[in-house]
Amino acid sequence: MLTTWIDDLSQKVPLSRQPQDLQAYGRDWTRVYVPRPSAVVFPRHPEEVCEVLRFCSERGIAVVPSGGRTGLSAGAVAAEGELVLSLERLRHLGEVDPLGLTLTVGAGITNQEVHQHSEKIGLTWPIDLASKGSCQVGGNLATNAGGIRVIRYGHARQWVTGLQVALIDGTLLKLGTAVQKDNVGPDLRQLMIGSEGILGVITQATLRLTIMPRECQVMFLAVDNIDRGLELLSHARLQGRLQLQAFEFVAQNCLEAVMKVQDRACPFAQIPPAAVLIEVEGRLDNELEQWMEQVMSQGLVRDGVLARSSTERASLWAYRDNITESLGSLGLMHKNDIAVEVGRLGEFVHTLLSEVAPHYPGQMYLFGHLGDGNLHINVMKPSAMDPETFWEGCQRADQLLYELLRNLNGSVSAEHGIGLLKKAALSFSRGPHEVDTVRRVKKALDPQGLLNPGKVFDL
Ligand SMILES: Cc1cc2nc3c(=O)[nH]c(=O)nc-3n(C[C@H](O)[C@H](O)[C@H](O)COP(=O)(O)OP(=O)(O)OC[C@H]3O[C@@H](n4cnc5c(N)ncnc54)[C@H](O)[C@@H]3O)c2cc1C
């Protein structure tokens, strides 16, 4: 039976059942679930996406939309025999509109390709992630990606004017255009953004661009702890009057991990307990030097480096950008991606370290987007512990973490989404009426529950 529908589908669109493709396309970066897709399809244009979805709808076949597979919540995982629908061949790359500052692209264009294309005329799509070389525009929008510049520009949903979305019954919706001002009742486009592939498949997007800052400067500053980092954030804005492009936190053990894995020297005279990477708009050499002297003399900063060239800027960013990959190569990581309001981040971290961290079965690594109140909490499996015991221990400790977040009105998923991995956490950040309302929307659009089944919530 199985081979029959796969044979039929392979007559319509490029399809693979090669074991290496099933392995590669059935998983994302989480590496927690065993990939078991039945096949992978590679439609070449939006109409073929609709054809695949109509086919799945008629035959009752579960389908998982798949972008660059850099997701960290197992949203693109196909572990139950689903069909993987890869968007990577939707590679339309339009011309930048220099007046309206928009760009229309296929869902399979990578984040980096958008950057390279728009930078040619001094513009940028300000969604900037360490995974930019692989993650795709469709994936960025399906996850409402954040990244290192949220402090300045916000999330992906703020940088889209139009979206083309295929529904499970094969309908192709055109939601918005390149028109900036379009206030015509409820906005389905925003409903689709961040919906993690459970409501529709994004096939094309018209992105809003902005002017690239003419110059940016990067500093890496050693601090004693997160409290000093937060004081520094306030000082940079209110006393320094700095326009921040990024304000990132790196704990000591994360810095050490990057130094070890990438064989990089310590950027400071001594390895500090924590560091903050700051990117600032403008060419402000003298002003920044004076500001650094000021914060050092006030004891907010222990030591600091100011990049003097684009090569030095890239090399300072490497200490931040390579944390996820470096930790991943040192061991198995349990990950959480949380946020609280910035003003309560200090309180959160103190309680986390004193009351929650001791319950995790491994060492905790903290880094993230300090300026947004968003921390990535990673726990490494001790080498002698078997994975089963480790995951169980982490899940127990997660309950304490989520309780803490609920008490602080925080979020259990700041950027990465819920996917499969964080389903048990959803109720700590969303009330039952809200979840039930979204469930009703899901049932209206996908009554058979075929699109990315089991992700975000169960029907
Ligand atoms: C090193 C590293 C750093 C990262 N840093 C950040 C960061 O700073 N900020 C951040 O937000 N994330 C970050 N991420 C997570 C990840 O890169 C983002 O979530 C990204 O937006 C996922 O895009 P993708 O194309 O890889 O999507 P995938 O992983 O393929 O899919 C993610 C979800 O979107 C769905 N999906 C994918 N394409 C479509 C489509 N066209 N239509 C409908 N649904 C679709 C999938 O079904 C899945 O549910 C990082 C990941 C890594 C590995």
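Quick caveat: nothing in here was measured; it's all calculated off a predicted structure.

**Digging into empty space enclosed by the protein**
Reasoning step 1: Applying the stated rule across the entire model yields 1 cavity of 30 Å³ or more.
Reasoning step 2: Volume-wise, the largest cavity comes out at about 70 Å³.
Reasoning step 3: What lines the largest cavity is simply Leu72, Ser73, Lys335, Asn336, Asp337, Val412, Ser413, His416, Gly417, Leu421 and Lys422.

**Here we look at the packing of helix α8 (residues 226-238) against helix α10 (residues 285-297)**
Packed helices, taken two at a time, are described by the angle their axes make and the gap between the axes.
Reasoning step 1: Direction vectors running N to C along α8 and α10 enclose 140°, while the axes themselves pass 12 Å from each other. It follows from the interaxial angle that α8 and α10 lie oblique. Like other packed secondary-structure pairs, α8 and α10 cross with a definite hand, here right-handed. On α10, the residues touching Leu232, His235 and Ala236 of α8 are Trp291, Gln294 and Val295.
Reasoning step 2: Along the lines of polarity and charge, the residues of the contact of α8 with α10 split into 4 nonpolar, 2 polar and no charged.

**Quick notes on the site of the ligand**
Reasoning step 1: Around the ligand there are 36 residues in total, and Pro65, Gly68, Thr70, Gly71 and Ser131 lie nearest to it.
Reasoning step 2: Gly67 is positioned such that a nitrogen or oxygen atom in its backbone is 2.8 Å from an oxygen atom of the ligand.
Reasoning step 3: A distance of 3.1 Å is found between an oxygen atom of the ligand and a side-chain nitrogen or oxygen belonging to Asn452.
Reasoning step 4: Here the ligand has 970 Å² of accessible area as a free molecule, and 97% of this is covered by the chains.
Reasoning step 5: Sorting the residues of the shell around the ligand by element identifies β3 (63-66), α5 (137-142) and β9 (201-208) as the ones contributing at least two each.
Reasoning step 6: Looking at which element gives the most residues to the shell around the ligand, the answer is α5, with 4 residues.
Reasoning step 7: Considering only residue class, the shell around the ligand consists of 13 nonpolar, 20 polar and 3 charged.

**Focus on the domain arrangement of the protein chain**
By a widespread convention, an interface's size corresponds to the accessible area lost as its parts come together.
Reasoning step 1: Partitioning the protein chain into domains gives domain 1 (2-86), domain 2 (102-211), domain 3 (216-323) and domain 4 (331-429).
Reasoning step 2: Look at where the C-alpha atoms of domain 2 and domain 4 centre, and you get two points 28 Å apart.
Reasoning step 3: Contact with domain 2, which involves 8 residues of that partner, is made by 8 residues of domain 4.
Reasoning step 4: Roughly 560 Å² of surface becomes buried between domain 2 and domain 4 when both sides are summed, with 45% attributable to carbon and sulfur atoms.
Reasoning step 5: On the domain 2 side of the interface with domain 4, the three residues burying the most area are Gly147, Ile151 and Glu196, jointly 56% of the side's total.
Reasoning step 6: Taken together, domain 2 and domain 4 are joined by 4 residue pairs in polar contact (both at pLDDT 80 or more).
Reasoning step 7: Here the residues of the side of domain 2 that touches domain 4 are counted per class, giving 3 nonpolar, 4 polar and 1 charged.

**Things to note about the state of the cysteines**
Reasoning step 1: Following the criterion strictly, the structure yields 0 disulfides and no others.
Reasoning step 2: With no disulfide of its own, Cys135 has Cys216 as its nearest cysteine by sulfur position, at a separation of 20 Å.
Reasoning step 3: Here Cys254 stays unpaired: no disulfide links it, and the sulfur of Cys266, its closest cysteine neighbor, is 14 Å away.

**Comments concerning the sheet that holds β3**
Reasoning step 1: An order of β1-β2-β4-β3 is seen for the 4 strands of this open sheet, with the pairing classed as mixed. Looking at the sheet topology across the chains shown, the edges are occupied by β1 (15-16) and β3.
Reasoning step 2: Bridge analysis of β1 against strand β2 (residues 39-41) gives 2 bridges, and the strand direction is antiparallel. Directly across from Ser16, in β2, lies its bridge partner Val40.
Reasoning step 3: Lying over the sheet, helix α3 (residues 46-59) contacts β2, β3 and β4 (83-86), oriented at roughly 165° with respect to β4.

**Considering unusual backbone geometry**
Reasoning step 1: One non-glycine residue, Arg69, lies in the positive phi region at around 60°.
Reasoning step 2: Following the sequence through the fold, Arg69 ends up in the loop between β3 and β4.
Reasoning step 3: The phi torsion at Asp263 lies on the positive side, around 55°, for a residue other than glycine.
Reasoning step 4: Structurally, Asp263 can be placed in the loop between α9 (252-262) and β13 (274-281).

**As for the side chain of His235**
Reasoning step 1: Within the element layout of this structure, His235 appears in helix α8.
Reasoning step 2: Judged by relative accessible area, which is 6%, His235 ranks as buried.
Reasoning step 3: When sequence neighbours within four positions are dropped, the list of residues in contact with His235 reads Gly240, Trp291, Gln294, Val295, Gln298 and Leu300.

Basis of the calculations
- Residues numbered from 1 in each chain as written.
- Predicted model: local features only at pLDDT ≥ 70, side-chain atom pairs only at ≥ 80, totals over all residues.
- Heavy atoms only, no water.
- 1 Å grid on protein atoms, 1.4 Å probe; cavity = no way out; pocket = protein on both sides within 12 Å on 5 of 7 lines; lining within 4 Å.
- Points joined across faces, edges and corners; volume = space filled by probe spheres on them.
- Axes fitted to C-alpha atoms, helices over the stretch in contact; angles between N-to-C directions.
- Helix = DSSP H or I, 4+ residues; strand = E, 2+ residues; numbered from the N terminus.
- Parallel < 35°, antiparallel > 145°, perpendicular 65-115°, else oblique.
- Left-handed = near helix turned anticlockwise from the far one by under 90°.
- Contact = heavy atoms within 4.5 Å.
- Nonpolar A, V, L, I, M, F, W, Y, C, P; charged D, E, K, R; others polar.
- Near = heavy atom within 4 Å.
- Polar contact = N/O pair within 3.5 Å; in protein donor to acceptor, adjacent residues only side chain to side chain.
- Areas by Shrake-Rupley, 256 points an atom, 1.4 Å probe, with all protein chains shown as cover.
- Domains from an automatic or database assignment.
- Buried area = accessible area lost by both parts, 1.4 Å probe.
- Disulfide = S-S within 2.5 Å.
- Pairing = 2+ DSSP bridges.
- Buried < 20%, exposed > 50% of the residue type's maximum accessible area, 1.4 Å probe, protein only.

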